[in-house]
Every structure is written in C-alpha cells, then in structure tokens.
Amino acid sequence: MLYIVATPIGNLKDITLRAIEVLKAVDLIACEDTRHTKILLDAYGIRKPMTSFFQHNRFTKGDYILNLLKEGKDIALVCDAGMPGILDPGYNLINLAVKSAIELTVIPGATALINALVLSGSPAHEFYFAGFLPNKKISRRNKLEALARLKCTVVCYESCHRILASLEDIGDLYGEKVIVVARELTKKFEEAIRGSAKEIIESLKKQKPRGEFVIVI
C-alpha cells in the first residue's frame with residue numbers, strides 16, 4: 001500500500017492522529033528532505049527508515065520505491081509540508097502507482113491553498129488554483145491576464161523573491177481590487193494582509209519578505 005500522507009504546513013501539532021499511526025506502521029517513508037521529515041518524526045517518537053524522493057531523483061528513485069511496493073511493502077509518501085502531489089514530485093510516484101495498479105490511499109491534512117482561501121474570506125464555492133506564477137515578467141503578465149477573465153476566486157503561490165514583482169503586475173491588471181496575501185500559515189506570526197496590491201506592497205516593504213506566500217484574488 002502507498003499511503004499519501006499530509007504533514008503540517010507550519011505548526012507541528014497540525015498532524016492528524018491517523019497520520020501518526022500510519023507513519024509508525026509503514027515499512028518505509030519516502031520524503032523530499034530526510035532532515036526536514038526527521039524533525040517531525042522525532043517530535044512524535046517515530047523511528048522508521050526514510051528514503052529521499054525529490055525533484056532531481058524522482059525517476060530513478062520512483063522505480064526503486066515502486067519495486068518495493070510490488071514486493072508487498074507499505075510505504076508512506078510525505079513532502080516537506082502539506083499534501084504530497086500538489087506542486088511537488090510526489091505526483092510522479094502517485095502516477096506510477098496508479099499505472100501499476102498499486103493500492104493507495106490519502107491520509108488528509110493541512111494544505112496551504114485551502115487554509116489561505118478560507119482565511120481570506122473570499123468566495124470558496126468555486127475557485128481556481130493556479131499554482132506558482134511564472135518567473136518571467138511577460139509570461140507572468142500573460143498568465144495573470146488569463147486569470148483575470150475567470151469569474152471565480154483565484155489562488156496562487158509565490159516565493160519571497162518574486163512576491164513584490166508579482167504584486168506589481170497584479171496591481172496593473174486589477175487596480176484597486178481588494179486581494180489577500182497570506183504567509184506564515186499556522187505559525188505564530190501567521191498573517192493575512194488585505195488591501196489593493198499597491199497597499200500590500202507598501203506593507204511588505206516594511207520588512208524583507210520571507211517564506212512562501214499565498215495570493216487570493
């Protein structure tokens with residue numbers, strides 16, 4: 001069985017009892033960064049073998065993990081934070097398991113996009129998740145122009161390195177429209193900044209942006 005296990009996105013207490021039970025029971029834990037996952041495992045007294053599964057080894061390691069599953073091993077797939085398979089290489093392993101008729105299940109938990117969407121107070125009955133915005137300005141503006149035509153709430157991720165540039169582009173397209181930028185979700189300094197893109201830029205300029213951001217339009 002392949003267990004797709006959601007892990008906390010910030011606060012380590014946000015792991016579920018079922019996730020802890022599964023992580024204690026499996027034969028192997030496949031994770032993006034073994035050092036990062038070890039912090040979570042140590043917090044709950046979990047002692048299990050780990051293997052790294054990340055962007056640059058996802059093909060070779062995917063075959064290795066798949067063979068173990070075919071041998072009857074139970075394996076938990078986790079990412080550094082949140083739900084495996086959403087914007088991380090976990091998708092590749094999940095897809096391999098599906099194609100190989102390996103039994104799999106999802107152990108639910110925190111996901112940054114859902115936390116930010118609900119926290120924003122924006123309509124959530126219909127929304128579009130756009131992932132990370134493109135790095136290059138022209139591509140990013142083209143993407144935002146397409147998103148602006150949607151008649152629903154839009155959620156996207158952005159890094160601390162590009163958040164100001166992306167907000168400038170959003171401001172150009174959306175003007176004074178109120179948006180929400182969330183950061184440090186579930187952590188001590190969790191924050192949801194509401195206002196126009198221009199207002200949020202001024203707020204973020206007061207201190208160097210850190211971590212990853214979720215933008216809700």
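Shown above is the structure to which this text applies.
Computed from a prediction, not measured in an experiment: that's the story for all the values here. (Residues numbered from 1 in each chain as written. Predicted model: local features only at pLDDT ≥ 70, side-chain atom pairs only at ≥ 80, totals over all residues. Heavy atoms only, no water.)

Caption draft 1: A look at the packing of helix 6 (residues 137-148) against helix 7 (residues 163-174). Orientation of helix 6 relative to helix 7, taken along the N-to-C sense of each, is 45°, at an axis distance of 10 Å. The pairing of helix 6 with helix 7 is recorded here as oblique in orientation. Note that helix 6 runs across helix 7; the crossing there is right-handed. When helix 6 is examined against helix 7, the residues K137, R140, R141, L144, E145, L147 and A148 are found in contact with a partner set consisting of A165, S166, D169, I170, D172, L173 and Y174. Grouping the constituent residues of the contact of helix 6 with helix 7 by class yields seven nonpolar, one polar and six charged. (Axes fitted to C-alpha atoms, helices over the stretch in contact; angles between N-to-C directions. Helix = DSSP H or I, 4+ residues; strand = E, 2+ residues; numbered from the N terminus. Parallel < 35°, antiparallel > 145°, perpendicular 65-115°, else oblique. Left-handed = near helix turned anticlockwise from the far one by under 90°. Contact = heavy atoms within 4.5 Å. Nonpolar A, V, L, I, M, F, W, Y, C, P; charged D, E, K, R; others polar.)

Caption draft 2: Representation of the packing of aromatic side chains. The full count for this structure, using the stated rule, is two aromatic pairs. Consider the rings of F129 and Y157, whose centres lie 5.0 Å apart with planes at 70°: the pair is edge-to-face. Within this pair, whereas F129 is found in strand 6 (residues 127-132), its partner Y157 is found in strand 7 (residues 153-159), the two being separated by 28 residues in sequence. Under the relative-accessibility criterion, F129 is labelled partly exposed at 25%. Assessed through its relative accessible area of 10%, Y157 is described here as buried. Between F132 and Y157 the ring centres are 5.5 Å apart and the planes differ by 70°, which places this aromatic pair in the edge-to-face class. Of this pair, F132 sits in strand 6 while Y157 sits in strand 7, and the two are 25 residues apart along the sequence. Assessed through its relative accessible area of 33%, F132 is described here as partly exposed. (Phe/Tyr/Trp six-rings, centres within 6.5 Å; stacked < 30°, edge-to-face > 60°. Buried < 20%, exposed > 50% of the residue type's maximum accessible area, 1.4 Å probe, protein only.)

Caption draft 3: View of the pairing of strand 7. Counted residue by residue, strand 7 has seven buried out of seven residues, so it is predominantly covered. Alternating residues of strand 7 divide into T153, V155, Y157 and S159 and V154, C156 and E158, and every residue in both groups is buried. Taken together, the four bridges between strand 6 and strand 7 define a ladder with parallel strand orientation. Looking at the pairing, F129 lines up with V155 of strand 7. Following the backbone out of strand 6, through helix 6 and into the adjacent parallel strand 7, one traces a crossover that is right-handed. As judged from the five bridges shared by strand 7 and strand 10 (residues 212-216), these two strands associate in the antiparallel manner. Residue pairing for strand 10: Y157 is matched across the bridge by V214. (Pairing = 2+ DSSP bridges. Right-handed = clockwise from strand over helix to strand, strands pointing away.)

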